[in-house]
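So the chains spell out like this:
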Amino acid sequence: SAMLVTHLLNPQENERVIDLCAAPGGKATQASILMKNTGLVIANDYNEKRSEILSENVERLGITNTIVLNNNIDKIANHFGGYFDKVILDAPCSGEGMFRKNDLSYLDWSIDKVHRCSEIQRELIMHAYSLLKKDGIMVYSTCTFEKEENEDIVQYLLDNSNASLIYIKEIEGAIRGIDMKEAIRLYPSHFKGEGQFI
């Protein structure tokens, strides 16, 4: 499910791509591979330990067009506004889509966590959008089913920017977003994979 994010973004050779919450690196390394190791991929993770894992995975795969950062997204946005062709924001979330994969993940879930995550997501999506050059494309995704963290966050971006949505083609097993036909939801009961919103 998570790898579908990069597939839908469809990065091309010699483009500039940034994955803002990149650890452990699956999406960023997939982007590098699709770009045939050309152009530039920035793979960032705010968590120092996770960024070390990210760096190890990039190195292990022999990828040479990728720079790993361990930085705040707002600082990146302040320095690189309007620079990237493509942006990946797989935002930190309450994680309901992982309940099936990790038996203990539900213990960390709460409605308070949903509210906290949605506050962070609103800030992150605005910074992420500012990184796009004109006519650039961003994919926003989470591994939760909460509308407050998914469609509501995308709507927040639409209400506070000149962003517009691109319709995602039909994908077997994918369900359309709640009151947002351009988005898709991947439920384990319908799609062979973990829960995801894109």
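Coordinates for the structure precede this section.
Please read these numbers as outputs of a predicted model, since none were measured by experiment.

Undergrad: Help me understand a negative patch on the surface in this model?
TA: On the surface, E48, E52, E56 and E59 cluster together into a negatively charged patch. Checked against the element boundaries, E48 lands in helix 3 (residues 48-60).

Undergrad: Explain the pattern of salt bridges to me, please; I cannot follow it from the model alone.
TA: Pairing between side chains of opposite charge can happen when the charged atoms of each approach one another. Within this structure, the stated rule accounts for eleven salt bridges. Among the salt bridges present, the one from E151 reaches R185, with a minimum N-O distance of 2.8 Å. Within this pair, whereas E151 is found in helix 6 (residues 151-159), its partner R185 is found in strand 7 (residues 180-186), the two being separated by 34 residues in sequence. Judged by its relative accessible area of 2%, R185 is buried. Between K181 and E182 there is a salt bridge, with the nearest N and O atoms lying 3.3 Å from each other.

Undergrad: Help me understand the packing of helix 4 (residues 73-80) against helix 5 (residues 111-130), please; the structure alone is not making it clear to me.
TA: Two quantities define a packed helix pair, namely the angle between the axes and the distance from one axis to the other. Relative to each other, helix 4 and helix 5 sit at 25 degrees, their axes nearing to 9 Å. Classified by the interaxial angle, the pair formed by helix 4 and helix 5 is roughly parallel. In terms of crossing hand, the pair formed by helix 4 and helix 5 is left-handed. On helix 5, the residues touching I73, D74 and A77 of helix 4 are L124, H127 and S130. In the contact of helix 4 with helix 5, the residues fall into three nonpolar, two polar and one charged.

Undergrad: Just to check I follow, could you spell out the pairing of strand 3 (residues 66-69) for this structure?
TA: When a strand is regular, its side chains alternate between the sheet's two faces. Here strand 2 (residues 40-44) pairs with strand 3 via four bridges, running parallel. When the bridges of strand 3 are listed, V41 appears paired with T66. Since strand 2 and strand 3 lie parallel, the crossover through helix 3 that links them has a hand, and here it is right-handed.

Undergrad: Would you mind showing me how to read a nonpolar patch on the surface here?
TA: Together, F99, L104, Y106 and L107 give the surface a local cluster of nonpolar side chains, amounting to about 420 Å² of exposed area. Within the element layout of this structure, L104 appears in the loop between strand 4 (84-90) and helix 5.

Undergrad: Any chance you could explain the packing of helix 5 against helix 6 here in plain terms?
TA: Remark: helix 5 packs on helix 6, axes separated minimally by 10 Å, with the N-to-C direction vectors making an angle of 45 degrees. Between helix 5 and helix 6, the angle falls in the class oblique. Crossing hand, helix 5 versus helix 6: right-handed. Of the residues in helix 6, those touching helix 5 at S118, Q121, R122, I125, M126 and Y129 are I153, V154, Y156 and L157.

Rules used throughout
Residues numbered from 1 in each chain as written. Predicted model: local features only at pLDDT ≥ 70, side-chain atom pairs only at ≥ 80, totals over all residues. Heavy atoms only, no water. Patch = residues over 30% accessible without salt bridge, like charges linked within 9 Å, V, L, I, M, F, W, Y side chains within 5 Å. Areas by Shrake-Rupley, 256 points an atom, 1.4 Å probe, with all protein chains shown as cover. Salt bridge = Lys/Arg side-chain N within 4 Å of Asp/Glu carboxyl O. Lys, Arg positive; Asp, Glu negative; His and termini not counted. Charge placed at Lys NZ, Arg CZ, Asp CG, Glu CD. Helix = DSSP H or I, 4+ residues; strand = E, 2+ residues; numbered from the N terminus. Buried < 20%, exposed > 50% of the residue type's maximum accessible area, 1.4 Å probe, protein only. Axes fitted to C-alpha atoms, helices over the stretch in contact; angles between N-to-C directions. Parallel < 35°, antiparallel > 145°, perpendicular 65-115°, else oblique. Left-handed = near helix turned anticlockwise from the far one by under 90°. Contact = heavy atoms within 4.5 Å. Nonpolar A, V, L, I, M, F, W, Y, C, P; charged D, E, K, R; others polar. Pairing = 2+ DSSP bridges. Right-handed = clockwise from strand over helix to strand, strands pointing away.

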